[in-house]
Amino acid sequence: MELLDPLPTVETARKLGVLPDEFDRIVTILGRQPNFTELSIFSVMWSEHCSYKNSIIWLKTLPRDSDRMLAKAGEENAGLVDIGDGLACSFKIESHNHPSALEPYQGAATGVGGINRDIFTMGARPIAQLNSLRFGDLSLPKTRRLLRGVTKGIGDYGNAFGIPTVGGEIYFDECYNTNPLVNAFSAGIVEIGKVAKATSYGVGNPVFIVGSATGKDGIHGATFASEDISAASTDKLPAVQVGDPFMEKLLLEATLEIIATGYVIGIQDMGAAGIICSTSEMSAKGEHGMVIDLDKVPTRQPNMAPFEILLSESQERMLVVIEKGKEGIIQGIFDKWDLHCAQIGEVTAAPADGMGRLHFYRYGQLVADVPAHDLVLGGGAPQYRRDYKEPAYIKEFAKFRINTVPDVTPADLGDVARHLLSHPNICSRRWVYEQYDSMVGTANRSTNAPSDAAVVRVKGAGIPKTDKSIVITVDCNSRYVNANPFTGAQIAVAEAARNIVCTGGEPLAVTNNLNFGNPYVPEVYWHFVEAVKGMGEACARFATPVTGGNVSFYNQSSDDGPVFPTPTIGMLGLMENPDNRMTLNFQNEGDTIYLIGSPQNDVASSEYLYSYRKVKASPAPAFDMEQELAVQTIVKQLITKKLIRSAHDISDGGLFVAVAESAMAGGRGFAINTDGEYRRDAYLFGESQSRVIVSVSAEQQAGFEQFMQKAHVSYSQIGSVTASDYVVDGQVVIASDTATSLYNNALGEIMA
Amino acid sequence: MTYLAEIDIMPQKEILDPQGKAVKLGLHNLNMDSIDNVRIGKHIRLEVDAASEDEARATVDAACRQLLANLIMEEYSITMKTA
Amino acid sequence: MTLYTYDFSTYDYYLCPMKVGVVVFPGSNCDQDAVDAFESFDLSVVKLWHKDHDLQGCDLVVLPGGFSYGDYLRTGAVARFSPIMTEVIAHANRGGYLMGICNGFQILAEAQLVPGVLLRNTSQQYVCKNIYLKPQSTSALLTAGLDHDRAYKIPIAHGDGCYFANNEALARLNDNDQVLFRYCDEAGNSTDAANPNGSLDNIAGVCNDRRNVFGMMPHPERAADAALGNTDGRYILEQLLTAVLA
């Protein structure tokens, strides 16, 4: 091999983020010193982003199996779940936190683009998107700029791409002032048997790159280090990757069309680490090699260095391996969609051990010769077990006692109600979601029927007709996780399942987005380990295996420290029978309101305690897994037996906010009574888990009571639906119109 | 003295310009194949009161840096005239 | 005017085959929704590719919503020159029926097949929500048969839906009964508060003076399926089918 540059040293490796041990390992793998291009390749492939080296050992402890799982976690671009009738749902969540902190509009937009590519490279047509967002203190102009940019970025990309954004969650806390979180979720549908794989085999089969040209996007670390080696790069590097939803839409249609031909051997989206990632992962999986001529890669700038072409993270690109001889057919499809596609190489044989090699050429010279298997997760990429240690504050938080804060008096209720209903963490997200096209695809069943989770019909061009709907939600109250990562992560899973159950769906599977600080900080790593343990246990109990997801570390700054540990749960549920659809809105005046589940004398980590009483140190709210499972089982039965008119889970803001939300959605009021056995604040505003508000019509009441008396779950009649006004213990706490106006307009007024 | 500033804001050379790319495709579909490298930016015209052209330019430059251009992705150029 | 109304559940389309063509531009994303909605009337519906020159004998041509050419430059500006548009324009000039929804309306406006232009929403924000529409024109076939005292709940989803025409054009639209719909509140009042995008005089849709080309920003095809809890759009699409058959 001709080497134009001097061989890099351990020092250069360090600048690329490669540890001295790792450098030695590379030398062993190659049997010689790597050149700069090869070192760059290992540095990105062994980065946290691609190799999950600091997290994979723990991720492997999560439950990954069920009867419905068609692809195990990490095997494909996204998880794949059998939803019956020969159809599968492919779904995944992914973060774009750091790019969004730098440039919120493009960062969020490219996040949406990336997650959708993961879905449609499997041959699945995306049908719905969600997002989970975290921002800092909304009173800061910087936070408002970030929220505005992220919302517009998600909207402009998703709207043009043409897949509805049907729900999501947003929380604000000052711990996210410097590091906002942007997690995007997408779900798509594919016929089982028509799923495309991220693999490569068949000696001589052509390798194509399709979509956008390759620019010098996202290769900063390597460029920084390359300055020591050569003056290869003189052009300025783009600080931001720009998304092109128009290109993505064309790529979606063309990709589904080529997969439908049956001539695609393998296909993979180019996200992190670009060409090197897709060539190595596909080759390792298919146990073959590849020879790639980098001169044939269409580039946006002339004279790009080999490492720049290999590592570029330019958006809207795919690597495709097809059957030899079918090039014309594939080319025709891309021409039809005005997309560039270029053959850049072909599949080569692997030795008997299946360890294929990747050979990259530039200007006729071999510039890198690396074994695919050693680059990838599950192959030769390193895996580390980091030290962890419980942070000191956890024990402090646990010392909280409810009697250190005064209870609310009846006279306080109006004030607390106004505080909570207009609080950015609780009020309507209308200002945000009206900027998203939530209805394209004519499949969103939640537009005119609000519920705890979004219901989307399984429907779209090329998808066989069915009555099924998917039921999807994203959930994580990171304040709970911060207070107790094990319990907090369990609650995130439980709440997601509860939302799906209250909507009439059956929870099937989970994708997770694990957002944490620096994993080399033992206290941060403890957050991670505890959260994964809690999540794993909860997912096992709910029989919702984790199909995959994304880990985002380093969400921390020198000023603010780490963000709250935020293990966001994206959950997929299924509604086989459209009649099981349940909504959260109160229906008729006179319907009876019941609480399913037990009240608790608990205000821990509630919005009330945190922002109204301004007590920030308290443990996670009360949570009991057995109670949770029992409540969810009962709610499922109440829905299928048609014994309730509405169901809404109690979460942020407690019982009062849950009842108020059901009332607002139905354009009704309510009159409820507190229970003398519990503190008023805990009863109304506490966020203890495993509770659901249901309403029951006069015709249903006898059947409901009869059923509940036999159920082993506590329940209580708490009041009734009225025409207007929110009444507690006989006293008007707030008028319906005032409440609705506060709730609907609070965020818009802050953002105006 | 009132000065007239003409400001051109363009996506930085190394940044992808999806709009320019799509417009190029549209032009090629109209058989204008000889057109290449289409890039689309913004043109802003504004007036500024200042004692001197240098002062006016400094004000406009600050306006570009702080608000008008997104320096992470865009570059700008200013032409000053007396109004 | 409609001579008689059809009962679509029993009408025998075999005797009077009516064909709908939905044009697919690069970046169209409501094309399938339009196909689904028209197919739910048991009509024959085909997709027409923007690079083709063949309308395949369609009686009604629909330009669907979406982001043709990414909405780059100006909405509808590039799509308006697509090869198929030569045929679409000829179809309209022959008196054939043509409807543009959302981005389709923007394309019709760019092609000057209907008067006026669609500007950026005055809020400067994309907006997607249910709004209410009141039918206006009593002479245009799309709206003549609708209940003019009723507010129809129809979704909108656009960033550039602020309708504008100069005084002269506006006067002609009004004098000539070419305004199809105005935005209104639930009670049917065309107020400023009920105007979601700053459109001139709450105008949500217009037709050409020959009354065979219809453009509207709201999406009736998104309110045409009982499973989604709103079928107000069916009434509007139904008029269109009546119109084409008549």
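Reading the values: the criteria
Residues numbered from 1 in each chain as written. Chains lettered and ligands numbered in written order. Predicted model: local features only at pLDDT ≥ 70, side-chain atom pairs only at ≥ 80, totals over all residues. Helix = DSSP H or I, 4+ residues; strand = E, 2+ residues; numbered from the N terminus. Rg over C-alpha atoms; globule rule 2.2 N^0.38 Å. Buried ≥ 20, exposed ≤ 12 C-beta atoms within 10 Å, placed from the backbone. Contact = placed C-beta atoms within 7 Å. Domains from an automatic or database assignment. Axes fitted to C-alpha atoms, helices over the stretch in contact; angles between N-to-C directions. Parallel < 35°, antiparallel > 145°, perpendicular 65-115°, else oblique. Left-handed = near helix turned anticlockwise from the far one by under 90°. Nonpolar A, V, L, I, M, F, W, Y, C, P; charged D, E, K, R; others polar. Pairing = 2+ DSSP bridges. UniProt positions renumbered as here; feature names shortened; annotations may be inferred. pLDDT = per-residue confidence, 0-100.

### Considerations on the overall build of chain A
Tallying secondary structure elements over chain A gives 26 helices and 27 strands in all. Expected size for 752 residues packed as a compact globule is a radius of gyration near 27 Å; at 27 Å, chain A falls within 12% of this value. Overall size of chain A, expressed as C-alpha extent along the three principal axes, is 85 × 55 × 45 Å. Counting all 752 residues of chain A, 62% fall into the buried class. The contacts in chain A between residues at least 6 apart in sequence include a share of 84% that link residues at least 24 apart.

### Digging into the domain arrangement of chain A
What the domain assignment reports for chain A is domain 1 (10-55 + 197-375) and domain 2 (582-752). Distance between the C-alpha centres of domain 1 of chain A and domain 2 of chain A: 52 Å.

### Overview of the packing of helix 19 (residues 485-503) of chain A against helix 20 (residues 522-541) of chain A
All names here are of chain A. In contact at an axis separation of 7 Å, helix 19 and helix 20 are set at 40° when each is read in the N-to-C sense. Judged on the interaxial angle alone, helix 20 and helix 19 are oblique. Note that helix 19 runs across helix 20; the crossing there is right-handed. Counting all contacts with helix 19, which are made through P485, F486, T487, G488, A489, Q490, V493 and A494, the residues of helix 20 involved are H527, E530, A531, K533, G534, M535, E537, A538 and C539. Looking at the contact of helix 19 with helix 20 residue by residue, the classes come out as 9 nonpolar, 5 polar and 3 charged.

### Concerning the pairing of strand 1 (residues 2-11) of chain B
Residues and elements named next belong to chain B. Across 8 bridges, strand 1 lies against strand 2 (residues 42-49) in antiparallel orientation. Its bridge partner lying in strand 2, I9 is registered against K42. The pairing of strand 1 with strand 3 (residues 74-82) spans 9 bridges and is classified as antiparallel. Pairing of P11 across the sheet is with E74, part of strand 3.

### Some thoughts on the interface of chain B and chain C
A common way to express how large an interface is: the accessible area buried when the components associate. Listed by partner, the interface residues are 6 residues for chain B and 6 residues for chain C. A class-by-class count of the residues in the side of chain B that touches chain C yields 4 nonpolar, 2 polar and no charged.

### Details of the interface of chain A and chain C
Listed per partner, the contact involves 26 residues of chain A and 27 residues of chain C. Counting residues per element, the ones that place at least two in the side of chain A that touches chain C are helix 8 (141-161) and helix 10 (245-261) of chain A. For the side of chain A that touches chain C, the element with the highest residue contribution is helix 10 of chain A, accounting for 4 residues. Residue composition of the side of chain A that touches chain C, grouped by class: 10 nonpolar, 10 polar and 6 charged.

### As for the UniProt feature "domain: Phosphoribosylformylglycinamidine synthase linker" (unreviewed entry) in chain A
In the numbering used here, UniProt assigns the feature "domain: Phosphoribosylformylglycinamidine synthase linker" (unreviewed entry) to residues 11-53 of chain A. Taken end to end, residues 11-53 of chain A is 70% helix and 0% strand, and its first and last C-alpha atoms sit 21 Å apart.

### Points about the confidence of the model for chain C
Residue and element names in this part refer to chain C. Across chain C, pLDDT averages 91, with 91% of residues at or above 70. Within the model, pLDDT remains below 50 along residues 1-15, and this stretch shows 17 contacts once partners closer than five positions in the same chain are excluded. Scored by ipTM, the complex comes to 0.93, with pTM at 0.93.

### Overview of the sheet that holds strand 1 of chain B
Residues and elements named next belong to chain B. Spatially, 2-1-3 is the arrangement adopted by the 3 strands of the open sheet, whose pairing is antiparallel. The open sheet terminates on both sides in strands that have one partner only, identified here as strand 2 and strand 3. Taken over all neighbouring pairs, the strand axes of this sheet differ in orientation by 20° on average, direction set aside. Across the face of the sheet, helix 2 (residues 53-68) comes into contact with strand 1, strand 2 and strand 3 while running at roughly 155° to strand 3.

### Regarding unusual backbone geometry
Phi is positive for E287(A), which is not a glycine, with a value near 55°. For E287(A), the location among the structural elements is in the loop between helix 11 (274-286) and strand 9 (289-293). With phi around 50°, Q56(C) is a residue other than glycine that occupies positive phi space. The residue Q56(C) is located in the loop between strand 2 (44-49) and strand 3 (60-63) in this model. Judged by the 13 C-beta atoms lying within 10 Å of it, Q56(C) falls in the partly exposed class.

### A look at the sheet that holds strand 10 (residues 203-207) of chain C
All names here are of chain C. A sheet is described by the order of its strands in space; here 9 strands give the open sequence 2-1-3-4-11-10-9-6-7, paired in mixed fashion. What marks the edges here is a single partner per strand, and that holds for strand 2 and strand 7 (152-158). Going from strand to strand, the sheet's axes swing by 25° on average, the running direction of each strand aside. Where strand 10 meets strand 11 (residues 213-216), 3 bridges bridge the pair, whose relative direction is antiparallel. In the sheet register, C207 faces strand 11, and the bridge partner there is F214.

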